[in-house]
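Results of the structural survey
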Amino acid sequence: NSFDEECDYLFKAILIGDSAVGKSNLLSRFAKDEFSLDSKPTIGVEFAYRNIRVGGKLIKAQIWDTAGQERFRAITSSYYRGALGALLVYDVTRRSTFESLRRWLKELREFGSPEMVVVLVGNKSDLEGSRVVKLEDGRSLAQLEQVSFMETSAKDNLNVEDAFIEMITRIYEIT
Ligand code: GDP
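Notes on the structure follow. These figures come from a predicted structure and were not determined experimentally.

Some thoughts on unusual backbone geometry
Look at Lys124: it is not a glycine, yet its phi comes out positive at around 75°. Mapped onto the fold, Lys124 is located in the loop between strand 5 (117-123) and helix 6 (135-145). Given the relative accessible area of 22%, Lys124 is considered partly exposed. Its identity as a non-glycine residue notwithstanding, Gln146 has a phi of 55°, on the positive side. As for its position among the elements, Gln146 is in the loop between helix 6 and strand 6 (148-151). According to the relative accessible area criterion, Gln146 is exposed, its value standing at 70%.

Shown next, in the form of structure tokens:
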């Protein structure tokens with residue numbers, strides 16, 4: 001349609017990270033400004049679009065959600081194919097999701113393109129009382145891996161927009 005023709009770029013980006021860290025809710029918050037207390041359906045890859053303007057260019061971001069594949073450690077290489085960016089998400093209230101990041105980073109390097117933009121995201125920052133992963137832990141890992149970092153709350157809509165925009169802007173900068 002005419003809108004697509006007006007778009008300067010189409011970017012594919014993906015969400016990765018352990019089950020229940022909040023990937024789906026981050027995406028629905030960003031794409032539709034919605035949050036759900038329920039967990040999502042288990043099977044199938046889904047994606048959402050959002051158009052944003054960066055540096056005078058109109059970018060159509062196509063963002064993919066695993067929709068549960070990670071539960072079975074069965075994210076296929078096709079999920080990574082063509083992706084220029086990834087939001088790598090953990091849950092600040094569950095240490096195991098932070099410890100999994102090493103494995104996710106390895107998989108990103110294996111299947112992702114070498115120049116892929118990665119933004120590390122510590123989600124559920126609204127649950128301060130249950131926090132077990134310190135802000136500093138996320139920051140150090142990000143520094144070590146040379147990726148951007150942000151804590152977010154999909155529930156309270158904190159930094160969600162910033163995390164996606166950071167990823168999309170950085171993709172635009174390297175494209
Ligand atoms: P996914 O499996 O990584 O896609 O995670 P979901 O988006 O399905 O979220 C898993 C659960 O965490 C759901 O019950 C959500 O309501 C909840 N959740 C997601 N993001 C947040 C958040 O920022 N804060 C809080 N308190 N709960 C969240």
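Moving on from the coordinates now.
A word on a nonpolar patch on the surface
There is a patch of nonpolar side chains on the surface, built from Leu10, Phe47 and Tyr49 and spanning about 300 Å² of accessible area. Here Phe47 lies in strand 2 (residues 46-54).

Considering the packing of helix 2 (residues 23-32) against helix 7 (residues 160-174)
Contact geometry for helix 2 and helix 7: axes closest at 9 Å, N-to-C directions at 85°. Here helix 2 lies roughly perpendicular to helix 7, going by the angle between them. Residue-level inspection shows Leu26, Leu27, Arg29 and Phe30 of helix 2 in contact with helix 7, the latter providing Val160, Glu161, Phe164 and Ile168. By residue class, the composition of the contact of helix 2 with helix 7 is 6 nonpolar, no polar and 2 charged.

A look at the nonpolar core
By size, the foremost hydrophobic cluster in this structure holds 49 residues, and its most contacted members are Leu120 and Phe164. In terms of residues, this core owes the most to one element, helix 7, which gives 6 residues. Other than its neighbours up to four places away in sequence, Phe164 contacts Leu15, Leu26, Leu27, Phe30, Ile63 and Leu87.

Quick look at helix 7
Taking 1.5 Å of rise per residue, 15 residues should cover 21 Å, and helix 7 covers 22 Å from first to last C-alpha, within 8% of that figure. Among the residues of helix 7, those classed as buried are Val160, Ala163, Phe164, Met167, Ile168 and Ile171. Buried residues of helix 7, seen end-on, are gathered within an arc of 120° and therefore sit on one face of the element.

Remarks on the pairing of strand 4 (residues 85-91)
Across the 7 residues of strand 4, 7 count as buried, placing the element largely inside the fold. A two-sided burial pattern is seen for strand 4, the buried positions comprising Gly85, Leu87, Val89 and Asp91 on one face and Ala86, Leu88 and Tyr90 on the other. Sheet topology places strand 1 (residues 9-16) next to strand 4; 4 bridges connect them, and they run parallel. By the bridge assignment for strand 4, Leu15 is matched with Leu87. Of the pairings in the sheet, the one linking strand 4 to strand 5 comprises 7 bridges and is parallel in character. Opposite Leu88, over in strand 5, you have Leu120 as the bridge partner.

Cut-off values and rules
Residues numbered from 1 in each chain as written. Predicted model: local features only at pLDDT ≥ 70, side-chain atom pairs only at ≥ 80, totals over all residues. Heavy atoms only, no water. Helix = DSSP H or I, 4+ residues; strand = E, 2+ residues; numbered from the N terminus. Buried < 20%, exposed > 50% of the residue type's maximum accessible area, 1.4 Å probe, protein only. Patch = residues over 30% accessible without salt bridge, like charges linked within 9 Å, V, L, I, M, F, W, Y side chains within 5 Å. Areas by Shrake-Rupley, 256 points an atom, 1.4 Å probe, with all protein chains shown as cover. Salt bridge = Lys/Arg side-chain N within 4 Å of Asp/Glu carboxyl O. Axes fitted to C-alpha atoms, helices over the stretch in contact; angles between N-to-C directions. Parallel < 35°, antiparallel > 145°, perpendicular 65-115°, else oblique. Contact = heavy atoms within 4.5 Å. Nonpolar A, V, L, I, M, F, W, Y, C, P; charged D, E, K, R; others polar. Core = buried A, V, L, I, M, F, W, Y, C linked by side-chain atoms within 4.5 Å. Expected span 1.5 Å × (residues − 1). Arc of directions from axis to C-beta. Pairing = 2+ DSSP bridges.

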